[in-house]
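Residues per chain are reported as follows:
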Amino acid sequence: MYCRWKSAAAVLFLFLLLFVLSPSGAECATPAPKNEVTRAEFFLKKFEDRVNRFRGQSFRLGYEDNEALKRIRDLKEKYPEDPAVEELFQRARMALMKSKGDFMEITPEMLSFRENEQKLKKIFGAIADKEWKEFTEEILSGPAALPKAFPAPDRSEVSIEDLKGYYVILEEFEYPANQFIDLGREFVSVGTGARGYYFVEISNRNWLGPYEAVKRYRRLVNRDFPEEGKWTLLGKIVGIEMVIPQAEKVKTVAPQWGWVVSPVALYIPGITFAFFDPSVEEGGYFAGEERMEEIKDPLYTVRYVPPDVTPERLVEIFAASVKEKNFELFLDCIDPNRRKTRTALSLIRYHWDLHLERFAGFYVHVTTDEAKIEVMKGFGGGAGSVEDFFLDEEQQEKIREISGELVEQATVVTKAWDERGRQYGSPKPHYLIRRDKGRWYIDNYEQPF
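1. What to know about the pairing of strand 11 (residues 407-417)
Okay, step 1: Taken across its 11 residues, strand 11 has nine buried, putting it largely inside the fold.
Okay, step 2: Where strand 9 (residues 365-368) lies against strand 11, four bridges are found, and the strand directions are antiparallel. Within strand 11, the position partnered with Val366 by the bridge is Ala416.
Okay, step 3: Of the strand pairs in this sheet, strand 10 (residues 372-377) and strand 11 are connected by five bridges, and their pairing is antiparallel.

2. What to know about the pattern of salt bridges
Okay, step 1: As enumerated under the stated definition, the model contains 26 salt bridges in all.
Okay, step 2: Where Arg185 meets Glu241, a salt bridge forms, and the shortest distance between an N and an O atom there is 3.1 Å. Residue Arg185 is found in strand 3 (residues 185-192), and its partner Glu241 is found in strand 5 (residues 229-243); the two are separated by 56 residues along the sequence.
Okay, step 3: Here Asp297 and Arg303 are joined by a salt bridge, their closest N and O atoms 3.2 Å apart.
Okay, step 4: When its relative accessible area of 33% is taken as the criterion, Asp297 is described as partly exposed.
Okay, step 5: For Arg303, a relative accessible area of 45% corresponds to the partly exposed category.
Okay, step 6: A single network of salt bridges, built from pairs that share partners, joins Glu41, Glu48 and Arg91.

3. Quick notes on the side chain of Ser99
Okay, step 1: Within the element layout of this structure, Ser99 appears in helix 4 (residues 83-99).
Okay, step 2: Judged by its relative accessible area of 0%, Ser99 falls in the buried class.
Okay, step 3: For Ser99, the residues in contact, after removing those within four places along its chain, are Phe47, Val51, Gln57, Ser58, Phe59 and Leu61.

4. Considerations on the environment of Asp182
Okay, step 1: Mapped onto the fold, Asp182 is located in strand 2 (residues 179-182).
Okay, step 2: Between the C-alpha atoms of Asp182 and Asn206, which are 24 residues apart in sequence, the distance is 18 Å.
Okay, step 3: Apart from the residues lying within four places of it in its own chain, the contact partners of Asp182 are Phe187, Val243 and Ile244.
Okay, step 4: From its side chain, Asp182 meets the backbone nitrogen of Ile244 in a polar contact 2.9 Å long.

5. Considerations on the nonpolar core
Okay, step 1: One finds Phe173, Tyr198, Trp207, Ile237 and Phe449 to be the most contacted residues of the largest nonpolar core, which totals 83 residues.
Okay, step 2: Examining the composition of this core, we find that eight residues originate from one element, helix 5 (residues 108-140), more than from any other.
Okay, step 3: With sequence-adjacent residues up to four places away left out, Phe449 is seen in contact with Val315, Phe318, Ala319, His355, Phe359, Tyr363, Val366, Thr414, Ala416, Lys428 and His430.
Okay, step 4: Counting 17 residues, the second largest nonpolar core, distinct from the first, contains Ala32, Val37, Leu44 and Leu88.

About the cut-offs
- Residues numbered from 1 in each chain as written.
- Predicted model: local features only at pLDDT ≥ 70, side-chain atom pairs only at ≥ 80, totals over all residues.
- Heavy atoms only, no water.
- Buried < 20%, exposed > 50% of the residue type's maximum accessible area, 1.4 Å probe, protein only.
- Helix = DSSP H or I, 4+ residues; strand = E, 2+ residues; numbered from the N terminus.
- Pairing = 2+ DSSP bridges.
- Salt bridge = Lys/Arg side-chain N within 4 Å of Asp/Glu carboxyl O.
- Contact = heavy atoms within 4.5 Å.
- Polar contact = N/O pair within 3.5 Å; in protein donor to acceptor, adjacent residues only side chain to side chain.
- Core = buried A, V, L, I, M, F, W, Y, C linked by side-chain atoms within 4.5 Å.

Have a look at this one:
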């Protein structure tokens, strides 16, 4: 009996000893096999490298990305208390979030430029409708106007002497769909063989004046308006010709007689009205153009570039000039050396149109990183430069004198954000230039945001 009691006491003592000396639950957890952790981290590093390469842009996960997530998930489920596994899990979460793209909150103020564009469309559309009505009423009330275009007058019954100088309104003018070349000139055909034809000549200033005005309307007011379509044209009959109204080189239709029309005005209801004016250099205006800046000015958030503008702020102003369709401000942001000639200005207008298109369809807001400034030519010094430590004022001045013009370049990296707050594309570098501590200007204005 005594031996049994002694044996039981020994067992109890051993049990208590093991309980006291045993490690805690976390300490006795089974660690994940080291080779599995290493293999999972191998794929995770590839995933993280890909995230870094995309620089905030979203992308679809590939094989290695998914392999990293699957391996880490399996390890987390089997070894939830292993610190090494937990570290991989947290890194994977961060990489996965970044793979969906950077995000930011888009405020109503950031989208106000689109609302303002709608306001401008209504204002200029109302002006166009009013001026078109007044313009045509005056013309149609006179004796030299066709009351209706179709059916077109029959050339066997009416001579050109009877119709020359008459105004006609063509509501089915379609450019460039019905454009063709004949007799060494360009025309747009309106009509059919059964109804009769009008051939609107577009190889002279009478066409280019109104058409260029319509293009300016698109550039400065309403980017959504298409460059082509079916419009209303007011023209003046100036002759009669037999031509082949077909654009293709191989002609498959018979020659047709038609009344030759010289353009006077273009009209797109509710949008714009542009007319030919030989007295102005541009050759024409669109309705409200003479009051455009007066109408648009209250909607601008930025009106000029300060002389002491920082590189970061200049890029922000540059973006605002596009969003708010302030072409003069856009020009003032660009290096003067890049806008000296007519060809240079034409190139600027081309890229202006591209910038407008991107803000209309791809992104709505731009943010900037801190500028990095370096001296490209001459002697910088100053502002705590390390060279100041070795050179006194007299030496610095001498070096400036012999080094010539000081040219500095600032690099400002931007990120563009769409209306959902997601980063669009990758960050873009913008290069700015400053000469002899003057004002900063943008050099690579072609760069998208």
